[in-house]
Amino acid sequence: MRLEPPRLRPSASFIRYPVLVRIFCYYSTIDADVSRMVHCMSHMGFMLFVDESGLCDLHPNEETMRAVQVPTSRHAKGRGEDGWELLWISVNESAGSKEQKSWNLKARLTRNEFIEILVRAAIDDDDDGPQNPAEMPRVLQELFEDMMNVGRQPHAGMVLHDRNSFLRTYCYRREVCAVLAHHEKTLRCIYTVYSELGSGAVDLKGSSGLMGVHEFLNFVHDIGIIREIGHRTTSAIFGMSRMLTFNEASSKAQNSTLTQLTYEGFLEAVVRLALVKALPSDRDMRKHGFQFPGEFLGAMLDTGGYAYERWVDSARSRMRKGQGDPIWRRVDMLCLLFVGVMQFGIEKSKKGALLLLRGSPDEVLTKEEVMRFWKSPTPLVFERQTSS
């Protein structure tokens, strides 16, 4: 059964259920590096949302502490016992929530509970009591309009991310499909090993043949790029690459699609990583006479961490200006970097992991090579070196 968006008056047609799902998806990834959960919204994620969207009625002194100034909502509430905290407790302690206790955690909000809180906030907006039912469409319209102030945040692109548009623009392209098909053996070996072994333990929930958020984070960490990309962005990439489902109460949703990546979802995550990881362009490679990205990055690290950091900043600046390579070349570079790091590893010294071992990889990883790397990874190589 297909869920429909809340039925508001026609002038509110721009705000649809998918937008609420996008917002919920992003803020559900807050603290995923600690909780290893992305399928429900934590208290921390929820309070960050109401603050960044201007739904929280702050003291004037508190407003100056916001990293990004946003207008206070016409229907803002305080954080305390008579505000958002009370709504949080009321929804999590509701009869419906308790009936779902086998999978609905009291410390987190499901998607439906998140929407319920927003509706309750609109109902209880009037200080004199509940809203007049006739006024509900107007109040919900205003609440949703104000909620869109979250678009002022620097990470608004991830919060209001349109997955269908992303897939059409970056994934469903003949060139990207050709590159992913070329590296299929490598990517399948990585996916298989990290899905089965990436957490270092048996999957307590879900399928051992699918990749959980902890396994995906471990993979990005082992490759050495977690610090550059950031835990929140990496968690958001995982969350946006999942196969979302309309019925979050189904056992299949609880144990697979909401909590784990299929292989196709992993491929989407690889494309997303290629968009945020600083990678050498074809021009960079030709200019310095390198064939593989591992050679180029190894040479950059040879000159010291400061030079590498400057190159990363320059590469990101070109990406923001649209001056980088097309997405299929970036995906190819990233896959070759996976091969270089896993096949040749990192040169170790008394000062730690310093250099990529340079050579000519055969462009294909075997399952044995991935398992050997998984047992003894050398992460964090792409960092500023204290000795430089």
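Anything mentioned here points back to the structure above.
Small disclaimer: the values here were computed from a predicted structure and weren't measured.

Trainee: What am I meant to see in the overall build of the protein here?
Mentor: Secondary structure assignment for the protein yields 22 helices and six strands. Counting all 388 residues of the protein, 51% fall into the buried class. Intrachain contacts of the protein at a sequence separation of at least 6 include 68% that bridge at least 24 residues. Of the roughly 18500 Å² that the protein leaves accessible, carbon and sulfur atoms contribute 52%.

Trainee: Is there a simple way to think about the packing of helix H13 (residues 213–223) against helix H17 (residues 263–276) in this case?
Mentor: Helix packing geometry: the angle between the two helix axes and the distance between the axes. For the pair H13 and H17, interaxial distance at closest approach is 13 Å and the crossing angle is 40°. On the basis of the axis angle, H13 is oblique to H17. Relative to H17, H13 is oriented so that their crossing is right-handed. Along its contact with H13, which presents Phe216, Phe219 and Val220, the element H17 presents Phe266, Ala269 and Leu273.

Trainee: In this structure, what is going on with the layout of surface pockets? I would like to understand it.
Mentor: Using a probe with the size of a water molecule, rolled over the atoms, empty space left in the structure can be pinpointed. Approximately 570 Å³ is the volume attributed to the second largest pocket. Lining the second largest pocket we find 18 residues, and of these Met158, Thr233, Leu275, Val276 and Met319 sit closest to its centre. Mapped by element, the contributors of at least two residues to the lining of the second largest pocket are helix H9 (156–159), helix H10 (163–171), helix H14 (226–229), helix H15 (231–241), H17 and helix H20 (305–320). Here the residues of the lining of the second largest pocket sort into 10 nonpolar, four polar and four charged.

Trainee: Explanation requested: helix H8 (residues 136–147) in the structure shown.
Mentor: In an α-helix there are 3.6 residues to a turn, and that puts residues three or four apart on one side. Relative to the 16 Å expected for 12 residues at 1.5 Å per residue, H8 spans 16 Å between its end C-alpha atoms, a close match to the ideal helical length. Taking burial as the measure, the 12 residues of H8 include nine buried ones, the bulk of the element. Among all positions of H8, only Met136, Val139, Leu140, Gln141, Glu142, Leu143, Phe144, Asp146 and Met147 are buried. On its buried face, H8 is in contact with helix H1 (17–27), helix H3 (43–52) and helix H7 (111–123).

Trainee: Explain the nonpolar core to me, please; I cannot follow it from the model alone.
Mentor: In globular proteins that are soluble, nonpolar side chains generally tend to be buried together. Formed by 60 residues in total, the largest nonpolar core has its most connected members in Phe216 and Phe266. Among the elements that line this core, the one with the most residues is helix H21 (residues 327–344), at 10 residues. The contact partners of Phe216, leaving out residues within four places of it in the chain, are Met211, Thr234, Ile237, Phe238, Leu261, Phe266, Ala269 and Leu273.

Trainee: Would you mind going over the packing of aromatic side chains with me for this structure?
Mentor: Each aromatic ring pair is characterised by the separation of its centres together with the angle its planes make. Here the structure, examined in full by the defined rule, presents 17 aromatic pairs. A centroid spacing of 5.8 Å and a plane angle of 75° characterise the contact between Phe46 and Trp84, whose relative ring orientation is edge-to-face. Residue Phe46 is found in helix H3, and its partner Trp84 is found in helix H5 (residues 84–92); the two are separated by 38 residues along the sequence. Among the residues examined, Phe46 registers a relative accessible area of 0% and is labelled buried. Given a relative accessible area of 0%, Trp84 falls into the buried group. When the ring of Phe49 is compared with that of Phe114, the centres are 5.4 Å apart and the planes differ by 70°; the resulting orientation is edge-to-face.

Trainee: Explain the pattern of salt bridges here, please?
Mentor: Where charged atoms from two side chains of opposite charge approach closely, those side chains can pair. Tallied over the entire structure, the rule returns 18 salt bridges. For Glu142, the salt bridge identified is with Arg138, shortest N-O distance 3.1 Å. Here Arg138 and Glu142 lie together in helix H8, a separation of four residues that amounts to about one turn. The buried category is assigned to Glu142, whose relative accessible area is 15%. A relative accessible area of 31% places Arg138 in the partly exposed class. Linking Arg329 and Asp282 is a salt bridge whose minimum nitrogen-to-oxygen distance equals 2.7 Å. Taken together, the positions of Arg329 in helix H21 and Asp282 in helix H18 (residues 282–288) put the pair 47 residues apart, joining distant regions of the chain. Owing to a relative accessible area of 22%, Arg329 belongs among the partly exposed residues under this scheme. For Asp282, a relative accessible area of 21% puts it in the partly exposed group. One salt-bridge network, in which partners are shared between bridges, spans Arg74, Glu135, Arg138, Glu142, Glu145 and Asp146.

Trainee: Could you clarify how one ought to interpret the environment of Leu210 in this entry?
Mentor: Mapped onto the fold, Leu210 is located in the loop between helix H12 (184–197) and strand E3 (211–212). In this structure the C-alpha to C-alpha distance between Leu210 and Thr192, which are 18 residues apart in sequence, comes to 8.1 Å.

Trainee: Explain the environment of His288 here, please?
Mentor: Mapped onto the elements of the fold, His288 is located in helix H18. Each C-alpha atom of the pair His288 and Ala299 lies 9.6 Å from the other, and the pair is 11 residues apart in sequence.

Trainee: Is there a simple way to explain unusual backbone geometry in this structure?
Mentor: Most peptide bonds take the trans configuration, and most residues that are not glycine carry a negative phi. Phi angles above zero are rare outside glycine, and Asp31 is one such case at about 70°. With respect to the helices and strands, the residue Asp31 is situated in the loop between H1 and helix H2 (32–35).

Trainee: Looking at this structure, how should I read the side chain of Asp284?
Mentor: Mapping Asp284 onto the fold places it in helix H18. One polar contact links Asp284 to Arg318, side chain to side chain, over a distance of 3.2 Å.

The rules behind the values
Residues numbered from 1 in each chain as written. Predicted model: local features only at pLDDT ≥ 70, side-chain atom pairs only at ≥ 80, totals over all residues. Heavy atoms only, no water. Helix = DSSP H or I, 4+ residues; strand = E, 2+ residues; numbered from the N terminus. Buried < 20%, exposed > 50% of the residue type's maximum accessible area, 1.4 Å probe, protein only. Contact = heavy atoms within 4.5 Å. Areas by Shrake-Rupley, 256 points an atom, 1.4 Å probe, with all protein chains shown as cover. Axes fitted to C-alpha atoms, helices over the stretch in contact; angles between N-to-C directions. Parallel < 35°, antiparallel > 145°, perpendicular 65-115°, else oblique. Left-handed = near helix turned anticlockwise from the far one by under 90°. 1 Å grid on protein atoms, 1.4 Å probe; cavity = no way out; pocket = protein on both sides within 12 Å on 5 of 7 lines; lining within 4 Å. Points joined across faces, edges and corners; volume = space filled by probe spheres on them. Nonpolar A, V, L, I, M, F, W, Y, C, P; charged D, E, K, R; others polar. Expected span 1.5 Å × (residues − 1). Core = buried A, V, L, I, M, F, W, Y, C linked by side-chain atoms within 4.5 Å. Phe/Tyr/Trp six-rings, centres within 6.5 Å; stacked < 30°, edge-to-face > 60°. Salt bridge = Lys/Arg side-chain N within 4 Å of Asp/Glu carboxyl O. Polar contact = N/O pair within 3.5 Å; in protein donor to acceptor, adjacent residues only side chain to side chain.

Take it as geometry only, folks, not as evidence of what the structure does.
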